Each structure stands twice: as structure tokens, then as C-alpha cells.
Amino acid sequence: MNWISNVVRPKINSLFSRRETPDNLWTKCEECGNMLFHRELTEALNTCPNCDHHMHITPRERFTALFDNGVFVEVDVPEPLADPLHFKDQKRYPDRMREARKKTNEKEAMLVAEGDLGGVKVVCAGQDFSFMGGSMGMYVGNAIIAAAERAVKLKAPLILFSAAGGARMQEGILSLMQMPRSTVAVEMVKDAGLPYIVVLTHPTTGGVTASYAMLGDIHIAEPNALICFAGPRVIEQTIREKLPEGFQRSEYLLDHGILDRVTHRTAMREELITITRMLTKKPPHVKGDLPAPTLEKPKAEDKAPEADKAASAEK
Amino acid sequence: MQNYLEFEKPLAEIEGKAAELRAMARQGEGVDVGNEAEALDKKAAAMLESLYKNLTPWQKCLVARHQDRPHCIDYINTLFTEYTPLAGDRNFADDLAVMGGLARFNDQPVMVIGHEKGNDTKSRIERNFGMARPEGYRKAIRLMDMADRFGIPVITLVDTQGAYPGKGAEERGQAEAIARSTEKCLQIGVPLLSIVIGEGGSGGAVAFATADRLAMLEHSIYSVISPEGCASILWKDGSFAQDAAEALRLTAQDLVKLGVADRIIQEPVGGAQRNAKQAINSVGLAIADMLKELTPLKPAELRKQRRQKYLNMGDKALVA
């Protein structure tokens, strides 16, 4: 009995378990239904190569793809008071927080990092929709303030990726107060003459849209992201009519003058590099290992072989 | 004619009886009802006082929304002279949900801006029940800018359920308008004081209430979301609004403890709706007081203190 249970069974089990495949190799696109291989999906930054649907991406994954060589340093965010209202709905707020932390392996709904982007030092703040709907509470407010202070200290542009259902109700009025608080942070960056760029991702709604997400020097959105103050369901209930197709989506907002650009996630890094380098008056970004272009005029003898070639071509 | 709230029903009965007795006496039925009516009055007064001393957060919501409470227009007409309304956002329209203009407060020129809900069916519709559209915030931004240029203090009166959830409002950039209005509140170099006179509903309130000093009427509320909305999201059932009202800590009393509001303005017994004149008068005294505190401060100092106030917010928790 002992020999069987201790030696034989584990051996048999291990034989079988080795053949098991991880169940997350394939993901189904929620939009077009295509099965996407995990490597392909990761390479495309969680966008569907078939229909360009943009799926959720965590700030950590995004930053790894964004910063040069995937290198970034996290910026410390001061810890706020936990559960100042002693909020309880069907669950206690601390319990909800514990669940969210366990689920996401993150401390809170915003990650702040600094690093090089196309050779320019930038500070980035990324909101995490998977953490309690990215909701804006005191931590998120502190994170934006920390990001702004860091940007001012480094004289670096601030890039913010928004994604949230809105304010965190469990912090009551204190979550609402993050609207003016985050606005103060944006003012710090602007007063220092630094660019503040907002990348709006799906979804950005409520008090988040009505504060720091709409105060950028430049507003870029990912395709088909829901961006609004009042959600479509609330509006339909109020006006009692069906809303037009694509209402409150990125392209619709672009048409209505609320955004500067709508940009595919895979093109975002290049676009942010182009914009930040121009706003910080740096020369164009050089891709690859080529040396940076110099502003010196080419000397006369450098031109000679070119002229010769041209001359020989004419013959 | 008094409009009674649900929780005031027992009070309504007693007051009704007293009124009936008096009516009988007037018709000369020969009974002396004086004593009895007086006793009922006393009982009603005691009941009113105890009811309003112990209002639950949900009852406060009902009082804050009471249709007979003095509105922005009443405060403007009573407390200010030479009120000169200024209209329009210079882009699209004039939003009647937001009143605003130049006026004098104790002869001092001020810019007064506030939500107006309307007081009968026609004016309520005209004013969209006090729910501003983007043009309302943009008008406020314009007026705050003007006040800033001419060194005139700004007084805002907050009384709104929130921004209007409409199609056009979204298309014309409601979120951006609110964000810019909050930003403007933080930029101007003149005293900015704000009074929540009824409902302070989420973003629509923040756009005006981001101030050097925020005062709240005793039975007013200020919240991130309406209790009904919160209940339907967190409890998945709007009928839990009473629980949500408790949990949200939206009363003036809790907000002072949290450091969000700076002071409470006492209301007459039974709420501002029972004695509008007295309530308006108390607000006037509070405005005078706050203006006196802020007037000596230089523009840079005002801006700095205002920003610091919001940066510091959130370091006070409530006792369990």
C-alpha cells in the first residue's frame, strides 16, 4: 500500500501531468471571435490582428512595450488612509481591496514609472482597469500628484494612460475630491512648461474624464474606446431614445472635436516619441543603431564622389 | 401651504389638526379651542425640533431636495443688489440651469454664479431642473475669467443633482467643460467662496465648488454620486438608496469632519424650506465673514493656499 501510494501513483501522475497543456495558450477575440495564439496576441499588445479590437492591457505590460528596451523605474506613491469612511455595501471596502489585490497582483489602480522613451526621459502614469474598474480614489489621486511632482523635478513630459469607470464610490466624497486634486497636479506640470499628454483607453468615464483625462495638451485615444462623462445606458434612460452607432467612441469624439488623434496601440510608442521629441525641442528620433544626425553641413569633398557618380550616370 | 416629506407625516397630522380646530373656531361654533390648538402647536414644534435634530442621511437628502427650499434665485434677489445677469458661453448657447452675473454684496462688486432648479413646471423645464449642460460650465468659466481680470471675488451657489446626462451635452464635451471649470476655479487669483445650498451632485458641483472656502447649509448634501445611483451600482438595486446614503457620508456634518467643507451654516428649525428668509440671512452673514477672511490675501497667495488645500485633502478619516 505504502509503496503503491508513495511511489507508483506519483510517477504515473507526473507522466500524465507533463502532457497537459496550459489552458491560456489561445484567446478568443471578443469582437470577431477569432482564436488568437498567445504569442501573437502579446506581440500585438493585446490587439486583435484580425479586426484591430483593443483588449485590456495592464499598465505593467504597456510600460514594458512603451519604454526603450522595456526598462522603467517605478515612482513611489504615498499611501493614503485606508477606508476613511468605513464604507460597507454588500461587502466591506477593505475586503473588496484585498480581492482586487489578489486578482491583479498590483497594489492599486495606477502605476507610475519613469524611463526613457525614444531617448527622452518621461514620466508615465497608467491606470489599471482590472483593479476595481480602475476607479479613482485617493491612491490614484496621490499617484497623479507623485507623477506630476516627479515630472517637474526631472523636467520631463508627463504621459497619462487613462482607463476607469469613474470615481471610487467606496471613498465617497474623498474620491470626488480627486477631481480638483488631480487638476492641481496637471497645473503643476503646465506651470513648469512641460507637456502633458493623455492617452485615453477603453473605457474612460465619469469623474476621470471630467478631470485629468480632458486637460491634456494633446488627447490621443485608442480606437473604439468608450470615452464619456455619463454612460450610454444612463443617457438612454434619460432621453428614452436609442443612441447612434459608435456614440461616445473614440472616432465619434474625434469627429466632435474632443480628441486630437485616434491611434492604434501598436503605433502608440512611435507616435508618443515623435510628439514628445517635438514638444521638448529634440531632433528627430533615429531608429536602430545609426548615429544621430549632425547639424554640420557635409564638406565639399564628401560631395565629390556623388557628383562623379551623377556625371558617370549621364555618360 | 406646507409641503410635507414622507418622514414628516406624523407632524403633518398634528399641524393639520391644529389648523382644523382654528378653522372651526373661526366659523364660530362656540367652542373655545384656543388652549387645545396651542397644545397641539407646542407638540408640533417639539416634534419638528426633534425630527430635524436627528435627521438620517437619507432624510437629509430629501430635505436638501425639498421643492420649497430657497433656490439660487432667491439668494441672489435677497442678498445682492444691482444683480446684472450675464448670459452665454460665446460659442453655442446660454444655459439657464446656471445663473450668473455681476452684483453687489454689501456694495462690493462680486461675480455670483449658481445652479438654479426653477420653482414651477415652466421654469423647471426652462432651467433643466438645475442640471447644467456644457454651456453652463463654459459660461461660468467665462465669468470667473472676467472676475479674475478685474479683481472681483467670485461667489458660487451650488444646487444641482449633477451634470445633464444628455446626448448633446456629451457631444459638446461635457467632461471637458467640467474639467476646465474646475481648472479655472484653481487658477483664478481672486477670492472664490462656495456655498452648497441644497444638493451638491458629483462633477456638476465640483466644477463650481472647488473654492477657497466651502460652506454648506446644515441639511445640504455633497456627494460623488446620488444615493440612488450608488445603490443601483453597488447593491444592484436602487431601492437600497437609504443604505447608500448612510455609507456615502454625504451630510454637511460628515464633510466638515473629513475636511472637505469648511463650515456649516445653521438652518432654521425644520429646515430652510420652513423659513427661507432666515436661511438666506444666515448665508449672507457667512458670505460676509468668509469674504473678510479672504480679501486681504494677494492673488498668488490665494492660488497657492487653494491648491494646497486640495493637495492636503484626504488626511482626515472618520471615527468608526
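Quick caveat: nothing in here was measured; it's all calculated off a predicted structure.

Draft legend 1. Main features of the overall build of chain B. Looking only at helices and strands, one finds 14 helices and eight strands in chain B. The C-alpha atoms of chain B give a radius of gyration of 21 Å, which matches the 20 Å a tight globule of 320 residues would have. Going through the 320 residues of chain B one by one, you find that 56% of them count as buried. Restricting the contact set of chain B to residue pairs at least 6 apart, pairs at least 24 apart contribute 72%. When the accessible area of chain B is evaluated, it comes to approximately 13500 Å², of which 51% is carbon and sulfur surface. Counting 40 positive and 43 negative side-chain charges, chain B places the averaged centre of each group 6 Å from the other.

Draft legend 2. Spatial organisation of the packing of helix H6 (residues 134-150) of chain B against helix H8 (residues 174-187) of chain B. Residue and element names in this part refer to chain B. Between H6 and H8, the least distance of the axes is 8 Å, while the angle of their chain directions is 20 degrees. Considering the angle they form, H6 stands roughly parallel to H8. H6 and H8 meet at a crossing whose hand is left-handed. Note on element contacts: H8 touches H6 through Gln174, Glu176, Ala177, Ile178, Arg180, Ser181, Lys184 and Cys185, opposite Pro134, Tyr137, Arg138, Ile141, Met144 and Asp145.

Draft legend 3. View of the sheet that holds strand E6 (residues 158-164) of chain A. Residue and element names in this part refer to chain A. Read from one edge to the other, the open sheet built from seven strands follows the order E3-E4-E5-E6-E7-E8-E9, with strand pairing classed as mixed. Of all the strands in the sheet, the pair left with one neighbour each is strand E3 (73-74) and strand E9 (261-262). Alignment of E3 against strand E4 (residues 110-117), held across two bridges, turns out to be antiparallel. Among the inter-strand pairings, Val73 is bridged to a residue of E4, identified as Glu114.

Draft legend 4. Layout of the environment of A:Glu30. Residue and element names in this part refer to chain A. Looking at the element boundaries, Glu30 is found in the loop between strand E1 (26-28) and strand E2 (35-37). Counting along the chain gives 23 residues from Glu30 to His53, while the straight-line C-alpha distance between them is 8.1 Å. Not counting residues up to four positions away in its chain, the partners in contact with Glu30 are His53 and Met55. A polar contact of 3.3 Å, which involves the side chain of Glu30, links it to the side chain of His53.

Draft legend 5. Spatial organisation of the interface of chain A and chain B. In this complex, chain A contributes 49 residues to the contact, which on the side of chain B involves 47 residues. Roughly 4100 Å² is buried in total at the junction of chain A and chain B, and carbon and sulfur atoms are behind 73% of that figure. Counting the surface chain A buries against chain B, the share from its top three residues, A:Met169, A:Ile173 and A:Phe229, is 16%. For the pair chain A and chain B, the number of links is three salt bridges. A salt bridge links B:Glu183 to A:Lys190, with the shortest nitrogen-to-oxygen separation between them at 3.7 Å. One can count 11 residue pairs in polar contact (both at pLDDT 80 or more) joining chain A with chain B. Going through the elements one at a time, helix H5 (138-154), helix H6 (172-176), helix H7 (178-191) and helix H8 (232-239) of chain A are the ones with two or more residues in the side of chain A that touches chain B. At nine residues, the largest contribution of residues to the side of chain A that touches chain B is made by H7(A). The class makeup of the residues in the side of chain A that touches chain B is 30 nonpolar, 12 polar and seven charged.

Draft legend 6. Representation of unusual backbone geometry. Residues and elements named next belong to chain A. Residues His202 and Pro203 are joined by a peptide bond in cis, for which omega reads -20 degrees. If you trace the backbone, Pro203 turns up in strand E7 (residues 196-204). Phi is positive for Leu45, which is not a glycine, with a value near 55 degrees. Residues other than glycine seldom take positive phi values, yet Gln248 does so here, at roughly 65 degrees.

Draft legend 7. Representation of the side chain of B:Lys139. All names here are of chain B. Relative to the assigned elements, Lys139 resides in helix H6. Among the polar contacts made by the side chain of Lys139, one reaches the side chain of Asp94 at a distance of 2.7 Å. With sequence-adjacent residues up to four places away left out, Lys139 is seen in contact with Leu86, Ala87, Gly88, Asp89, Asp94, Asp95 and Val98.

Draft legend 8. Inspection of the nonpolar core at higher detail. If you look at the biggest cluster of nonpolar residues, it comprises 113 residues, and the most contacted ones within it are A:Ile173, A:Tyr212, B:Ile113, B:Val154, B:Tyr222 and B:Val260. When residues in this core are grouped by element, the largest group, 10 residues, is from H5(A). Within the second largest apolar cluster, 28 residues are counted, among which are B:Phe80, B:Met99, B:Phe105 and B:Leu294.

Draft legend 9. The confidence of the model for chain A, seen in detail. Confidence in the prediction for chain A averages 89 pLDDT; 88% of positions are at 70 or higher. Per-element averaging of pLDDT across chain A places helix H11 (residues 300-314) of chain A at the bottom with 50 and strand E8 (residues 218-221) of chain A at the top with 98.

Draft legend 10. The environment of B:Ala231, seen in detail. Residues and elements named next belong to chain B. Within the secondary structure layout, Ala231 lies in helix H10 (residues 227-235). The exposure class assigned to Ala231 is buried, which follows from its relative accessible area of 0%. Separated by 10 residues in sequence, Ala231 and Ala241 place their C-alpha atoms 5.2 Å apart. The residues contacting Ala231, other than those within four sequence positions of it, are Lys236, Asp237, Gly238, Phe240, Ala241 and Ala244.

Conventions and cut-offs
- Residues numbered from 1 in each chain as written.
- Chains lettered and ligands numbered in written order.
- Predicted model: local features only at pLDDT ≥ 70, side-chain atom pairs only at ≥ 80, totals over all residues.
- Heavy atoms only, no water.
- Helix = DSSP H or I, 4+ residues; strand = E, 2+ residues; numbered from the N terminus.
- Rg over C-alpha atoms; globule rule 2.2 N^0.38 Å.
- Buried < 20%, exposed > 50% of the residue type's maximum accessible area, 1.4 Å probe, protein only.
- Contact = heavy atoms within 4.5 Å.
- Areas by Shrake-Rupley, 256 points an atom, 1.4 Å probe, with all protein chains shown as cover.
- Lys, Arg positive; Asp, Glu negative; His and termini not counted.
- Charge placed at Lys NZ, Arg CZ, Asp CG, Glu CD.
- Axes fitted to C-alpha atoms, helices over the stretch in contact; angles between N-to-C directions.
- Parallel < 35°, antiparallel > 145°, perpendicular 65-115°, else oblique.
- Left-handed = near helix turned anticlockwise from the far one by under 90°.
- Pairing = 2+ DSSP bridges.
- Polar contact = N/O pair within 3.5 Å; in protein donor to acceptor, adjacent residues only side chain to side chain.
- Buried area = accessible area lost by both parts, 1.4 Å probe.
- Salt bridge = Lys/Arg side-chain N within 4 Å of Asp/Glu carboxyl O.
- Nonpolar A, V, L, I, M, F, W, Y, C, P; charged D, E, K, R; others polar.
- Core = buried A, V, L, I, M, F, W, Y, C linked by side-chain atoms within 4.5 Å.
- pLDDT = per-residue confidence, 0-100.

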